[in-house]
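One-letter residues, chain by chain:
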Amino acid sequence: MSALAALKMVKVPPNSASVGEARKRTLEFFKMACRSLPSVMEIYNLDDVVTVSHLRSAISAQIRKNAHINNPKVIDLLLFKATEELSNIVTHSKQRHHVIGQYVLGHEGLMQDMGTKDEGISEFLKQFYTSNYF
């Protein structure tokens, strides 16, 4: 079964009754996302840029970033958003550079690249740019 077919069968579940149930759904989502990574690598031709293990660790980092949340409704909302994101990626609704920028380089990678471009500008503009980059 392809990743797209698996995602089409996924329906929005009812709200989790407990934090344990929400965490179980999070683990199921992680497994589903990891199973879809080979097809994502093929769709976006990412073999020359990144490995499957790097993408798996990027997904894991995104999940761990929200590990402190204890409200099952918030966890369900985050899972819904993550499932939408995965669906958009698998259905090729994003372009290759979006996937590379968001999951391969990450926010920190983009900020490091910007630092080298700012060498020939004034101190005022450097401070302005650093205060306005999110």
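Calculation criteria
- Residues numbered from 1 in each chain as written.
- Predicted model: local features only at pLDDT ≥ 70, side-chain atom pairs only at ≥ 80, totals over all residues.
- Heavy atoms only, no water.
- UniProt positions renumbered as here; feature names shortened; annotations may be inferred.
- 1 Å grid on protein atoms, 1.4 Å probe; cavity = no way out; pocket = protein on both sides within 12 Å on 5 of 7 lines; lining within 4 Å.
- Points joined across faces, edges and corners; volume = space filled by probe spheres on them.
- Helix = DSSP H or I, 4+ residues; strand = E, 2+ residues; numbered from the N terminus.
- Axes fitted to C-alpha atoms, helices over the stretch in contact; angles between N-to-C directions.
- Parallel < 35°, antiparallel > 145°, perpendicular 65-115°, else oblique.
- Contact = heavy atoms within 4.5 Å.
- Nonpolar A, V, L, I, M, F, W, Y, C, P; charged D, E, K, R; others polar.
- Buried < 20%, exposed > 50% of the residue type's maximum accessible area, 1.4 Å probe, protein only.
- Polar contact = N/O pair within 3.5 Å; in protein donor to acceptor, adjacent residues only side chain to side chain.

Labelled according to an unreviewed UniProt entry, the protein chain appears under the name (wild Malaysian banana) hypothetical protein, originating from Musa acuminata subsp. malaccensis. Per its UniProt entry, the protein chain bears the Sequence similarities (unreviewed entry) comment "Belongs to the complex I LYR family." UniProt's Subcellular location (unreviewed entry) comment on the protein chain is quoted here verbatim: "Mitochondrion inner membrane".

Bringing the layout of surface pockets into the picture now. Quantified by volume, the largest pocket comes out at close to 1100 Å³. Contributing to the lining of the largest pocket are 35 residues, with F29, I59, Q62, I63 and A82 lying nearest its centre. Taken together, the elements giving at least two residues each to the lining of the largest pocket come down to α2 (19–44), α3 (52–65), α4 (72–90) and α5 (96–117). For the lining of the largest pocket, the element with the most residues is α3, which contributes 9 residues.

With their axes 10 Å apart at the nearest point, α2 and α4 run at an angle of 10 degrees to one another. Classified by the angle between their axes, α2 and α4 sit roughly parallel to one another. Residues V19, A22, R23, R25, T26, F29, M32, A33, S36, V40, I43 and Y44 of α2 form the contact with α4, whose own contacting residues are P72, I75, D76, L79, A82, T83, L86, N88, I89 and V90. For the contact of α2 with α4, a count of residues per class yields 15 nonpolar, 4 polar and 3 charged.

With that out of the way, let us pick up the side chain of S36. Relative to the assigned elements, S36 resides in helix α2. The buried category is assigned to S36, whose relative accessible area is 3%. In terms of polar contacts, S36 uses its side chain to reach the backbone carbonyl oxygen of A33, at 2.8 Å.

With respect to the helices and strands, L86 occurs in helix α4. Take L86: its relative accessible area is 8%, and that puts it in the buried class. The sequence separation of L86 and L37 amounts to 49 residues, and the corresponding C-alpha distance is 9.8 Å.

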